[in-house]
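Observations on chain architecture
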Amino acid sequence: MAQQNNRNLLDSSKNMNSDTRVRESSYLSYFPGAYQKEEAAWERLVDLSKLSSEEKLIYEKHKLAVQTGKESYEDPATGYTVMTRLSHYKRGYCCGNACRHCPFSQMNVAPSMKTKKFNTAFYT
């Protein structure tokens with residue numbers, strides 16, 4: 001029953017803009033269990049001592065966006081919109097575009113495009 005409710009939430013959220021998708025409750029309630037475990041695993045990888053001050057700012061902006069259920073945030077250096085891990089997780093597969101917060105280890109990225117390195121928090 002819970003799986004069906006989550007599927008209904010996913011289906012209905014496709015027609016909303018990202019601001020509408022921000023939920024009053026935490027993002028963890030949107031994906032009980034599975035996403036909570038995935039996000040916790042990613043957070044355990046982070047070593048802030050290995051991040052530059054710019055990378056720490058990106059990490060914090062991403063973390064805040066995910067904690068508030070947002071699917072994107074504004075890159076502090078470029079102003080570009082960046083998709084969060086939550087957004088990628090909802091899609092369910094790697095799109096192959098070498099995304100910064102790909103939770104699928106960029107498994108569908110063409111070898112010629114695999115130029116980014118994982119810095120313990122995200123791909124740079």
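Residues numbered from 1 in each chain as written. Predicted model: local features only at pLDDT ≥ 70, side-chain atom pairs only at ≥ 80, totals over all residues. Heavy atoms only, no water.

A word on the overall build of the chain. Within the chain one finds six helices and two strands. Residues counted as buried form 35% of the 124 residues belonging to the chain. Of the contacts formed within the chain by residues at least 6 apart in sequence, a portion of 38% connects residues at least 24 apart. For the chain, the exposed area adds up to about 7700 Å²; of that, 52% sits on carbon and sulfur atoms. (Helix = DSSP H or I, 4+ residues; strand = E, 2+ residues; numbered from the N terminus. Buried < 20%, exposed > 50% of the residue type's maximum accessible area, 1.4 Å probe, protein only. Contact = heavy atoms within 4.5 Å. Areas by Shrake-Rupley, 256 points an atom, 1.4 Å probe, with all protein chains shown as cover.)

What follows is about the pattern of salt bridges. Per the stated rule, a full pass over the model turns up four salt bridges. R85 is the salt-bridge partner of E39, the closest N and O atoms lying 2.6 Å from each other. Here the residue E39 occupies a position in helix α4 (residues 34-45), and R85 occupies one in helix α6 (residues 85-91), the gap between them amounting to 46 residues. Considered together, E39 and R85 belong to a single accessibility category, that of buried residues. When the shortest N-O distance is used, the salt bridge between R100 and D75 registers 2.8 Å. Here R100, found in the segment after α6, pairs with D75, found in the loop between β1 (72-74) and β2 (81-83); they are 25 residues apart in sequence, far enough to count as distant. When salt bridges with common partners are traced through the structure, they connect E39, E43 and R85 into a single cluster. (Salt bridge = Lys/Arg side-chain N within 4 Å of Asp/Glu carboxyl O.)

Bringing helix α5 (residues 53-67) into the picture now. When the terminal C-alpha atoms of α5 are compared, their 21 Å separation across 15 residues agrees well with the 21 Å that a helix rising 1.5 Å per residue should span. All buried positions along α5 are accounted for by E55, I58, Y59, H62, A65 and V66. For α5, the angular spread of buried residues about the axis comes to 130 degrees, placing them on one side. Turned more than 90 degrees away from the buried face of α5, the exposed residues are S53 and L64. At the C-terminal side of α5, G69 shows a positive phi close to 80 degrees. (Expected span 1.5 Å × (residues − 1). Arc of directions from axis to C-beta.)

With that settled, the discussion passes to α4. Taking 1.5 Å per residue, 12 residues should reach 16 Å; α4 reaches 17 Å between its end C-alpha atoms and fits that length. Considered for burial, the residues of α4 that qualify are Y35, E39 and W42. Seen end-on, α4 carries its buried residues on one side only, within an arc spanning 60 degrees. Relative to its buried face, α4 has exposed residues pointing more than 90 degrees away, namely K37 and R44.

Another aspect to go through is the environment of S52. Positionally, S52 belongs in the loop between α4 and α5. Exposure remark for S52: the relative accessible area of 34% places this residue in the partly exposed category. Between the C-alpha atoms of S52 and N119, which are 67 residues apart in sequence, the distance is 9.7 Å.

Counting residues in hydrophobic clusters, the biggest one holds eight residues: L51, I58, Y59, A65, Y73, V82, A121 and F122. By residue number, the principal contributor to this core is α5, which donates three residues. Leave out the neighbours within four places in its chain, and F122 touches E55, I58, Y59, R100, H101 and K117. By size, the runner-up hydrophobic cluster in this structure holds seven residues, among which are A98, C99, C102 and V109. (Core = buried A, V, L, I, M, F, W, Y, C linked by side-chain atoms within 4.5 Å.)

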